[in-house]
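# Results of the structural survey
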Amino acid sequence: MTDVSVHHADPADRPTLERLWSLFRHDMSAFSGVLPNPDGTFRSDRLHAAFTQADWAPYLLTSGEFPVGLALVRGLTGPTRVLSSFFVVHGVRRTGIGLCAVRQVAAQYPGPWEVAFQEGNIAAVGFWRRVATEVAGEAWTEERRPVPGRPDLPPDTWISFTAPAEVQD
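Each chain carries its own residue numbering, running from 1 in the direction its sequence is written. Totals for whole chains, interfaces and linings use every residue, but because this is a predicted model, local features are given only for residues with pLDDT of at least 70 and side-chain atom pairs only at 80 or more, for both listing and counting. For the side-chain quantities, the full set of heavy atoms in the structure was used; hydrogens and water were omitted.

## Concerning the overall build of the protein
In DSSP terms, a helix is any run of H or I states spanning at least four residues, a strand is any run of E spanning at least two, and both are numbered starting from the N terminus. Per the secondary structure count, the protein includes four helices and seven strands. Taking 15 Å as the expected radius of gyration for a compact globule of 169 residues, we find that the protein reaches 15 Å, a close match to that expectation. Dimensions of the protein, computed from the C-alpha atoms along their principal axes, are close to 45 × 40 × 30 Å. Burial classes: relative accessible area under 20% of the type maximum marks a residue as buried, over 50% as exposed, and values in between as partly exposed (1.4 Å probe, protein chains only). Residue burial in the protein is summarised as follows: out of 169 residues, 46% are buried. In the protein, of all internal contacts separated by at least 6 residues, the share reaching a separation of at least 24 is 60%. For every accessible area listed, the method is Shrake-Rupley and the probe measures 1.4 Å; residues are considered covered only by the protein chains on display. Summed over all atoms, the accessible surface of the protein reaches about 9000 Å², with 55% contributed by carbon and sulfur. As defined in this context, the radius of gyration uses C-alpha atoms, and a globule is described by 2.2 Å times the residue total to the power 0.38. In what follows, residue pairs with any heavy atoms lying within 4.5 Å of each other are defined as contacts.

In structure tokens:
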């Protein structure tokens, strides 16, 4: 199943992205140890930036009429785009939707890209290496970098690749 549509989110999509964001942050709490705020929400500064900062872009992933994920991109005005946050709901994982969505997002901004993940997130390790290979062939790199402001966490793994101008299927 690779029936996914990726569109630049607008203010009408924000409530849907906020709900997906909560699911995403819940998933990531298994690797970061971050707890929800006292009101049950998670910190959402990246989601806010995606809707308010010119250097960011929010994307809603859908399959038919159903929201299935989100992608937040930063660094639009710099030399390298960063896939700051990426999430696909559990019900459609391992169907090809995630790979298809990343390829669509990256094709909108050809050139250098980076994405970070945690080595402890075994599913992410395989996914992001597969994405890099699908998008850039063997021309990608991987390095570990400390998490800014979080010396208590293990370093993130960063993958760098260059996205071509067109999606190749």
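## Some words on helix α4 (residues 122-136)
Counted at 1.5 Å a residue, the expected span for α4 with its 15 residues is 21 Å, and the 21 Å between its end C-alpha atoms agrees. Those residues of α4 lying buried are A124, V125, F127, W128, V131, A132, V135 and A136. Looking at the buried positions of α4, the neighbouring elements they touch are β4 (81-88), α3 (97-107), β5 (111-117), β6 (140-145) and β7 (156-163). The first or second residue beyond α4 is G137, which carries a positive phi of 65°. Expected helix span is computed as 1.5 Å times (number of residues minus one).

## So, the packing of aromatic side chains
The relative placement of two aromatic rings is captured by the distance of their centres and the angle of their planes. Stacked, tilted and edge-to-face are the three classes assigned to paired rings of Phe, Tyr and Trp, where Trp is represented by its six-membered ring and a pair needs centres within 6.5 Å; plane angles under 30 degrees give stacked, over 60 edge-to-face, the rest tilted. Tallied over the entire structure, the rule returns seven aromatic pairs. A centroid spacing of 5.5 Å and a plane angle of 75° characterise the contact between F86 and W128, whose relative ring orientation is edge-to-face. Placement of F86 in strand β4 and of W128 in helix α4 is noted, with a sequence separation of 42 residues between them. Seen from their ring centres, F127 and W128 are 4.7 Å apart, and the 75° between their planes marks the pair as edge-to-face. Accessibility classification places F127 together with W128 in one group, the buried group. Aromatic ring contacts, followed pair by pair, group W21, F24 and F87 into a single cluster.

## Overview of the side chain of S85
Mapped onto the elements of the fold, S85 is located in strand β4. Within the local environment of S85, its side chain forms a polar contact with the side chain of R46, the two groups lying 3.1 Å apart. Contacts described as polar in this section are N or O atom pairs within 3.5 Å, which, within protein, must combine one atom able to donate a hydrogen with one able to accept it, while residues neighboring in sequence count only if both atoms come from side chains.

## Describing unusual backbone geometry
Located in the positive-phi region is R94, a residue other than glycine, with phi close to 65°. Structurally, R94 can be placed in the loop between β4 and α3.

## Here we look at empty space enclosed by the protein
Cavities and pockets were defined on a 1 Å grid built from protein atoms only: a cavity is a group of points that admits a 1.4 Å probe but offers it no way out, a pocket is an open group of points flanked by protein on both sides within 12 Å along at least five of seven lines, and a lining residue is one with an atom within 4 Å of any such point. Grid points are joined across faces, edges and corners, and a volume is the space filled by probe spheres set on the points. Here the structure, examined in full by the defined rule, presents two cavities of 30 Å³ or more. Looking at the second largest cavity, its volume works out to about 30 Å³. Around the second largest cavity, the lining residues are L83, V102, V105, A106, W113, E114, V115 and F161. Counting residues per element, the ones that place at least two in the lining of the second largest cavity are α3 and β5. Note on residue categories: nonpolar means Ala, Val, Leu, Ile, Met, Phe, Trp, Tyr, Cys or Pro, charged means Asp, Glu, Lys or Arg, and polar means any other residue, Gly included. Within the lining of the second largest cavity, the residues separate by chemical class into seven nonpolar, no polar and one charged.

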